[in-house]
Amino acid sequence: MTETLTFLGIESSCDDTAAAVIRHVPGQVPQVLSSVVEGQTALHAAFGGVVPEIAARAHAERLDHCVEQALAESGVALSGLDGIAVTAGPGLIGGVLSGVMLAKGLALATGLPMVGVNHLAGHALTPRLTDQLAFPYLMLLVSGGHCQFLIVHSAEQFQRLGGTIDDAPGEAFDKTAKLLGLPQPGGPAVQAEAALGNAKRYAFPRPLLDRPGCDMSFSGLKTALLRARDAVIAENGGLTMQDRRDLCAGFQLAVAEVLAEKTRRALAIYADLSPAQPALAVAGGVAANSLIRAMLETVCAQSGTHFLAPPLRLCTDNAAMIGWAGIERYRAGSVDGMDLIARPRWPLDPTAAPMIGSGKKGAKA
């Protein structure tokens, strides 16, 4: 397919309601004509995390408004679209279902083709939206809900090299912030405290570095921080500001060193493909952490690999990446019908063993 395509993207997998309009002229840089993201931080602040029922209701209330705003900002009417791309999973099922049902309604009303997109594929293909990165490249998805190393062979083929067997790094940052009385989201709060702390004061573990492979674990690290915090409180009768800063610094360094070493191992496997232009791309909110990014850049420089991190607005959840992934899938010949389902679980690499086991609805990772 060589024609110009203009797609509406819809994203509602977690706690960000988003819509965007993407246009691609073959041979040219893709254009993000509009990108609207409405966060729900205030709705969940009192609960210390995302409440699925609240998130689903908020998506149902806001999705149509986000779509209207995205179309208005782009200057493109529904009649000017060539297709609709929507996140069909994985994610909180109520939110995913809200987006899928809206997309189905729009497709039925307009006759436009609809493409269901794996949310993780949206992240994994973002470097092609921003930098036209050539296949194959290595991708590190590192966010609040996901952490995986993927070799991206095409818009439809992803090879998982490893991932977290429990908590994702972003989730661990959020839980650490909660344990230390810091505001949510936890990543920026922990990083700000860590900048003023002594990372060597507490001896935190580096989980799974004693085992081969690219799998990771962050749940035990979070537990180690909890025990260190409790030990300080028991000894001193409380936690000083400097104690908290040192705990944050030690935790952040441990996460960064684990990610750096696992990245080194993933790059070695990726190098066996002899890519013409080796590249590592990073996406997800945790990619905004300055220490983690600096250490990953160092690892890439040592191996002669190009390091790429899309702009933060396209690293976190957004609909522009979904619209672009929809265009990529559509060009590859993929179109979905009204039987498209919302999926809480949807592994990108169906050939890889489940990271966290399986349930009645399939692999969890």
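Calculation rules
- Residues numbered from 1 in each chain as written.
- Predicted model: local features only at pLDDT ≥ 70, side-chain atom pairs only at ≥ 80, totals over all residues.
- Heavy atoms only, no water.
- Salt bridge = Lys/Arg side-chain N within 4 Å of Asp/Glu carboxyl O.
- Helix = DSSP H or I, 4+ residues; strand = E, 2+ residues; numbered from the N terminus.
- Buried < 20%, exposed > 50% of the residue type's maximum accessible area, 1.4 Å probe, protein only.
- Arc of directions from axis to C-beta.
- Contact = heavy atoms within 4.5 Å.
- Core = buried A, V, L, I, M, F, W, Y, C linked by side-chain atoms within 4.5 Å.
- Lys, Arg positive; Asp, Glu negative; His and termini not counted.
- Pairing = 2+ DSSP bridges.
- Axes fitted to C-alpha atoms, helices over the stretch in contact; angles between N-to-C directions.
- 1 Å grid on protein atoms, 1.4 Å probe; cavity = no way out; pocket = protein on both sides within 12 Å on 5 of 7 lines; lining within 4 Å.
- Points joined across faces, edges and corners; volume = space filled by probe spheres on them.
- Nonpolar A, V, L, I, M, F, W, Y, C, P; charged D, E, K, R; others polar.

A. Looking closely at the pattern of salt bridges. Counting across every chain of the model gives 15 salt bridges. Linking Arg 62 and Glu 38 is a salt bridge whose minimum nitrogen-to-oxygen distance equals 3.8 Å. Pair noted here: Arg 62 is in helix 2 (residues 52-74) and Glu 38 is in strand 3 (residues 31-39), with a separation of 24 residues, a long-range link. Under the relative-accessibility criterion, Glu 38 is labelled partly exposed at 27%. Where Arg 329 meets Glu 156, a salt bridge forms, and the shortest distance between an N and an O atom there is 2.9 Å. Of this pair, Arg 329 sits in helix 11 (residues 320-331) while Glu 156 sits in the loop between strand 7 (147-152) and strand 8 (158-163), and the two are 173 residues apart along the sequence. Under the relative-accessibility criterion, Arg 329 is labelled buried at 18%. The partly exposed category is assigned to Glu 156, whose relative accessible area is 40%.

B. View of helix 5 (residues 169-179). Among all positions of helix 5, only Pro 169, Gly 170, Ala 172, Phe 173, Thr 176 and Ala 177 are buried. One face of helix 5 carries all of its buried residues, which in axial projection span an arc of 160 degrees. Structurally, helix 5 contributes buried residues whose contacts are with strand 6 (137-142), strand 7, helix 6 (186-194), helix 7 (219-236), helix 8 (241-271) and helix 9 (290-303). Immediately beyond the C-terminal end of helix 5, within one or two residues, lies Gly 181, with a positive phi of roughly 75 degrees.

C. Region of the structure containing the nonpolar core. Formed by 82 residues in total, the largest nonpolar core has its most connected members in Tyr 137, Met 139, Phe 204 and Phe 218. Here this core gets 13 residues from one element, more than from any other, and that element is helix 8. What Tyr 137 contacts, discounting residues up to four positions off in sequence, is Ala 124, Leu 125, Pro 127, Arg 128, Leu 150, Ile 151, Val 152, Tyr 270, Ala 279 and Ala 281.

D. A look at the side chain of Asp 16. Within the element layout of this structure, Asp 16 appears in strand 2 (residues 16-24). No salt bridge is formed by the buried Asp 16, whose closest oppositely charged neighbour, Arg 62, lies at an N-O distance of 7.6 Å. Each residue touching Asp 16, except ones within four places of it in the same chain, is listed here: Glu 11, Val 37, Glu 38, Gly 39, Gln 40, His 59 and Asp 317.

E. Up close: the sheet that holds strand 9 (residues 279-283). Pairing within the open sheet is mixed, and its five strands lie in the order 8-7-6-9-10. Either end of the sheet is taken by a strand with one partner, and the two such strands are strand 8 and strand 10 (306-308). Strand-to-strand twist across the sheet, computed as the mean angle between neighbouring axes with direction ignored, equals 20 degrees. Sheet topology places strand 6 next to strand 7; six bridges connect them, and they run antiparallel. By the bridge assignment for strand 7, Val 142 is matched with Cys 147. Packing against the sheet, helix 9 makes contact with strand 6, strand 9 and strand 10, and its axis sits at approximately 160 degrees to strand 10.

F. Quick look at the layout of surface pockets. Estimated volume of the second largest pocket: approximately 180 Å³. Forming the walls of the second largest pocket are 14 residues, and the residues nearest its centre are Asn 118, Glu 156, Phe 158, Trp 346 and Leu 348. Counting only elements with at least two residues in the lining of the second largest pocket, the list comes to strand 5 (114-118), helix 4 (119-131) and helix 11. Its residues assigned to classes, the lining of the second largest pocket comprises nine nonpolar, two polar and three charged.

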